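# Close look at the chain arrangement
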Amino acid sequence: MSKKDLDQTEVTAENSESENETKEQTTEANKQEKTPEQKLQEELTKAQADSKDFEDKYLRSQAEMQNMQGRYNKERAQLIKYESQSLAKDVLPAMDNLERALATEVDDEASKQLKKGVQMTLDSLVKAMKDHGISEIEAEGVKFDPTLHQAVQTVAASSDDQKDHVVQVLQKGYQYKDRTLRPAMVVVAQ
């Protein structure tokens, strides 16, 4: 580079610096030139925007709280509606055992009295279950329903009317309100 080129570069750099200083002075002058009314207007505009933002956040949080309350109430209602379900499932094997005990043949008077006591116990258990919304699933002779019955075996149907119907119940099934506690184990005609 020649001396002339260097001098021009220095002049250009000095001109750029002076232009930047002039722009800064102009920006500061513009800031100083704002009237108090303009400043107030800017502050008001900013405050209104902040207010809208806070209102939006408030409304969203209110809606979220209402949704949470609704979900909580639904879950609570479900828990209350089906509160006895686990107890009923635990009692079903005892009922099955009592029914098996009643299925045995007895000859002497003492055994008949014992069987009568078992029958009375089973009857009171069945009544308590019904009082709490637990009912036996109807199975014998009805059309097979996979939501209520569990097919463990199939046999040939003796007639067309018997097809897809339950011909034998191996274990009783039970429902609690609208839920199946235990499906009935059945033999189905095909």
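Below is a summary of the structure that appears in this document. (Residues numbered from 1 in each chain as written. Predicted model: local features only at pLDDT ≥ 70, side-chain atom pairs only at ≥ 80, totals over all residues. Heavy atoms only, no water.)

## Some remarks on the overall build of the chain
- Looking only at helices and strands, the chain features four helices and six strands.
- Its helices and strands taken in sequence order, the chain reads α-α-α-α-β-β-β-β-β-β from the N to the C terminus.
- For the chain, with 190 residues in total, the buried portion stands at 15%.
- In the chain, the share of contacts with a sequence separation of at least 24, taken over all contacts with a separation of at least 6, comes to 63%. (Helix = DSSP H or I, 4+ residues; strand = E, 2+ residues; numbered from the N terminus. Buried < 20%, exposed > 50% of the residue type's maximum accessible area, 1.4 Å probe, protein only. Contact = heavy atoms within 4.5 Å.)

## Here's the deal with helix H3 (residues 85-103)
- Its 19 residues give H3 an end-to-end C-alpha distance of 27 Å, which sits within 8% of 27 Å, the value for a rise of 1.5 Å per residue.
- Residue Val91 marks the point of greatest curvature in H3, where the axis turns by about 25°; the proline Pro93 follows within four residues.
- Along H3, the residues that are buried comprise Gln85, Ala88, Val91, Leu92, Met95, Asp96, Leu98 and Leu102.
- Where the residues of H3 are buried, they touch helix H4 (109-131), strand E1 (134-136), strand E3 (166-171), strand E4 (174-176) and strand E5 (179-182). (Expected span 1.5 Å × (residues − 1). Bend = angle between axes of the 7 residues up to and from the residue.)

## Thoughts on the sheet that holds E5
- Ordered in space as E1-E4-E5, the three strands form an open sheet in which the pairing is antiparallel. Of all strands in the sheet, those with a lone pairing partner are E1 and E5, marking the two edges. On average, each strand axis in the sheet is tilted by 35° relative to the strand beside it, whichever way the strands run.
- Relative to E4, E1 is paired through three bridges, and the arrangement is antiparallel. Along E4, the bridge assignment pairs Ser135 with Gln175. (Pairing = 2+ DSSP bridges. Axes fitted to C-alpha atoms, helices over the stretch in contact; angles between N-to-C directions.)

## Looking at the pattern of salt bridges
- With the rule as written, the count across this model stands at eight salt bridges.
- Note that Lys172 is salt-bridged to Glu99, the shortest N-O span being 3.0 Å. Of this pair, Lys172 sits in the loop between E3 and E4 while Glu99 sits in helix H3; the two residues are 73 residues apart in sequence, bridging distant segments of the chain.
- Given the relative accessible area of 28%, Lys172 is considered partly exposed.
- A salt bridge links Glu136 to Lys172; the shortest N-O distance between them is 3.6 Å. In this pair, Glu136 sits in strand E1 while Lys172 sits in the loop between E3 and E4, placing the two residues 36 residues apart along the sequence.
- Each member of the salt-bridge network shares a partner with another, and the members are Glu99, Glu136 and Lys172. (Salt bridge = Lys/Arg side-chain N within 4 Å of Asp/Glu carboxyl O.)

## Examining the side chain of Gln85
- In this structure, Gln85 sits in helix H3.
- Looking at Gln85, the relative accessible area reads 14%, which means it is buried.

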